[in-house]
Amino acid sequence: MNRVTGDDEAGSLAELRDQLWEALGECDETRAVAVARRALDAAEPAQAHTVGRTAADRIRGAGERVLLELIAPTQERVGLAWAANDITVAQEHAATAISERCIAAVADATAPAPSGTYAGRVTVACVTGEWHALPARLLSEVLRLRGWRVDYLGAQVPTRHLVDHVCRTRAQAVLLSSSIPFLLPGAHNAITSCRGAGVPVLAGGAAFGPQGRYARLMQAEWAEDATDAAALLGRDLPRPREHAARLAETDLPHLSDQEYTMLRRTSLQLVKQTFVDVEDDFPATHRYSQYQRERTIEDIDFIVSFLATALYVDDVDLFTTFITWTAGILAARDVPPRCLIPALDSLLKQLKDFPRVVGILTAARGLTL
Ligand code: B12
């Protein structure tokens, strides 16, 4: 690999991304790790001329760039390829496992010498039910490079155990990651519980919405990515006052209409009835295999979960964005997106007495499917 500077640098990173992408596509772990290592060499000297930068600074900068500008976007590309049905679920799983290996290789190659002194101690965790651990892992490694002691708890951490941990370790802050919006009610519980224990919460990940709008609704700080998170932590997050258990309605007064509670309570029945209505309205389902029937029920369950979450955060956009996304996933698999219409109509019929639900479903019915 040629050492790169200036304009060549961006070109080189783009090339390395393509090389990493190819290695992931071929499930070639050894090659992928070699690309990540080469990227470290390529990223480092570009900043070497900067006056006042120590060798440690340069290594840290290179590590961060490889994590956030090579591995993260390549992993996002994996998601896009899966959504477009260009790669299988198995290829996506393999690619993610290899990305994890690459992160570990970068972390090993750039680990600061143990000094026993840290910028502070923080906990990084995914909310209950959240399996997308890789974004939290990336965040943890960037913070370590920046001198923080990080307790990385990984995927789906039950709130009670999260709170126990942050209290026991006297964490300066909890960094909570979530990618899937329907986990937001659980995320809210985690935020409220940690704040109740006097620990500030910094939330991030796609679940928290554009510009972190749902994190703010839930009284958490929000950062776009690991670099922003490091900057916020460096400014010391204000410690919330410890308080007793707090009702979700305190942050979200619209919940007092009980529509969310009712929907959650009846969701099993709603999914069953919606499937029956879909079968009636969309005759093709009668020819479905058992596997296809199960996937359809799963899709309806998803629709109901996202509907409940849109009610929880009182945001129509959360649901319409999800329906548009689902339509794209279906179309890429040669399933006509208009098969969503009978499901939406069935829910509208079953839930006609609930004004906020009706508003959300009507907006979704207005989409071109
Ligand atoms: C790998 C993957 C999986 C793996 C995760 C394994 C693992 N070890 O992480 C598995 C197979 C488990 C999985 C499962 C599912 N997945 Co998935 N998955 C992905 C994929 C391809 C990559 C995730 C990733 O690593 N992204 C790379 C990181 C770098 O990006 P990022 O999340 O944006 O994170 C950055 C910032 O948001 C931020 N950030 C993130 N967290 C935090 C936290 C803090 C505090 C801060 C400050 C910043 C921050 O920093 C990161 C770095 O810049 C994404 C596609 C994508 N675009 O991300 C889909 C994706 C997230 N998955 C999706 C779906 C639908 C699912 C499933 C529901 C599928 C299913 N039907 O079962 C399940 C849900 C499981 C669950 N309950 O969590 C959808 C979500 C769509 C939606 N409408 O919400 C996506 C977007 C795929 C797609 N293109 O449609 N998935």
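Residues numbered from 1 in each chain as written. Predicted model: local features only at pLDDT ≥ 70, side-chain atom pairs only at ≥ 80, totals over all residues. Heavy atoms only, no water.

Peer 1: Can you walk me through the pairing of strand 3 (residues 173–177) in this structure?
Peer 2: Two faces belong to every sheet, and in a regular strand the side chains alternate between them. Of all the five residues making up strand 3, five are buried; the element is thus mostly covered by neighbouring parts of the structure. Every second residue of strand 3 is oriented toward a common face, with Ala-173, Leu-175 and Ser-177 on one face and Val-174 and Leu-176 on the other, all of them buried. Looking at chain direction, strand 1 (residues 121–126) and strand 3 are connected through five bridges and run parallel. Along strand 3, the bridge assignment pairs Cys-126 with Ser-177. (Buried < 20%, exposed > 50% of the residue type's maximum accessible area, 1.4 Å probe, protein only. Helix = DSSP H or I, 4+ residues; strand = E, 2+ residues; numbered from the N terminus. Pairing = 2+ DSSP bridges.)

Peer 1: How should the sheet that holds strand 3 be read in this particular structure?
Peer 2: Strand pairing within a sheet occurs via backbone hydrogen bonds; the two strands may be parallel or antiparallel. Sheet architecture is open: five strands sit in the order 2-1-3-4-5, paired in parallel fashion. Either end of the sheet is taken by a strand with one partner, and the two such strands are strand 2 (149–152) and strand 5 (221–222). For strand 1 and strand 2, the ladder comprises four bridges, and the chain directions are parallel. In the sheet register, Val-122 faces strand 2, and the bridge partner there is Val-150. Set on the sheet, helix 6 (residues 159–168) makes contact with strand 1, strand 2 and strand 3; between it and strand 1 the angle comes to about 170 degrees. Where helix 7 (residues 184–196) meets the sheet, it contacts strand 3 and strand 4 (201–204), and its direction lies at approximately 180 degrees from that of strand 3. (Contact = heavy atoms within 4.5 Å. Axes fitted to C-alpha atoms, helices over the stretch in contact; angles between N-to-C directions.)

Peer 1: What is the right way to look at the site of the ligand in this model?
Peer 2: Taken together, 34 residues surround the ligand, and among them Gly-129, Trp-131, His-132, Ser-177 and Trp-325 come closest. Residue Ser-177 places a side-chain N or O atom 2.8 Å away from a nitrogen atom belonging to the ligand. Trp-325 places a side-chain nitrogen or oxygen 2.7 Å from an oxygen atom of the ligand. Mapped onto the shell around the ligand, the elements with two or more residues apiece are helix 3 (55–83), helix 4 (89–110), helix 5 (134–145), strand 3 and strand 4. Counting residues per element, the shell around the ligand draws most heavily on helix 3, which supplies six residues. Tallied by class, the residues present in the shell around the ligand amount to 19 nonpolar, nine polar and six charged. Shared between two domains, the shell around the ligand holds at least three residues of each, these being domain 1 (1–111) and domain 2 (118–251). (Near = heavy atom within 4 Å. Polar contact = N/O pair within 3.5 Å; in protein donor to acceptor, adjacent residues only side chain to side chain. Nonpolar A, V, L, I, M, F, W, Y, C, P; charged D, E, K, R; others polar. Domains from an automatic or database assignment.)

Peer 1: Would you mind showing me how to read the coordination of the cobalt atom of the ligand here?
Peer 2: By definition of the ideal shapes, a tetrahedral metal site with four donors has angles of 109.5 degrees and an octahedral site with six donors has angles of 90 or 180 degrees. You will see that the cobalt atom of the ligand has only one donor from the protein, His-132 (NE2), lying 2.2 Å away. The topology assignment puts His-132 in the loop between strand 1 and helix 5. (Donors = N, O, S within 2.8 Å, 3.2 Å for Na, K, Ca; no water.)

Peer 1: Can you help me understand the environment of Ala-244 in this one?
Peer 2: Structurally, Ala-244 can be placed in the loop between helix 9 (226–234) and helix 10 (248–251). Residue classification places Ala-244 among the exposed residues on the basis of a relative accessible area of 62%. Taking C-alpha positions, Ala-244 is 8.4 Å from Ala-197, a pair spaced 47 residues apart along the chain.

Peer 1: Explain the packing of aromatic side chains here, please?
Peer 2: For any two aromatic rings, the description comes down to two numbers: the centre-to-centre distance and the angle of the planes. Applying the stated rule across the entire model yields eight aromatic pairs. Both rings, one in Phe-182 and one in Phe-306, keep their centres 5.6 Å apart while their planes meet at 85 degrees; by these two values the pair is edge-to-face. With a gap of 124 residues between them, Phe-182 in the loop between strand 3 and helix 7 and Phe-306 in helix 13 (residues 290–313) connect regions that are remote in the sequence. Judged by relative accessible area, which is 24%, Phe-182 ranks as partly exposed. When the centroid spacing of 6.1 Å and the interplanar angle of 45 degrees are considered together, the rings of Phe-302 and Phe-322 count as tilted. A residue pair is termed long-range when its members are at least 10 positions apart, and Phe-302 in helix 13 and Phe-322 in helix 14 (residues 316–332) qualify at 20 residues. Its relative accessible area of 4% is what places Phe-322 among the buried residues. (Phe/Tyr/Trp six-rings, centres within 6.5 Å; stacked < 30°, edge-to-face > 60°.)

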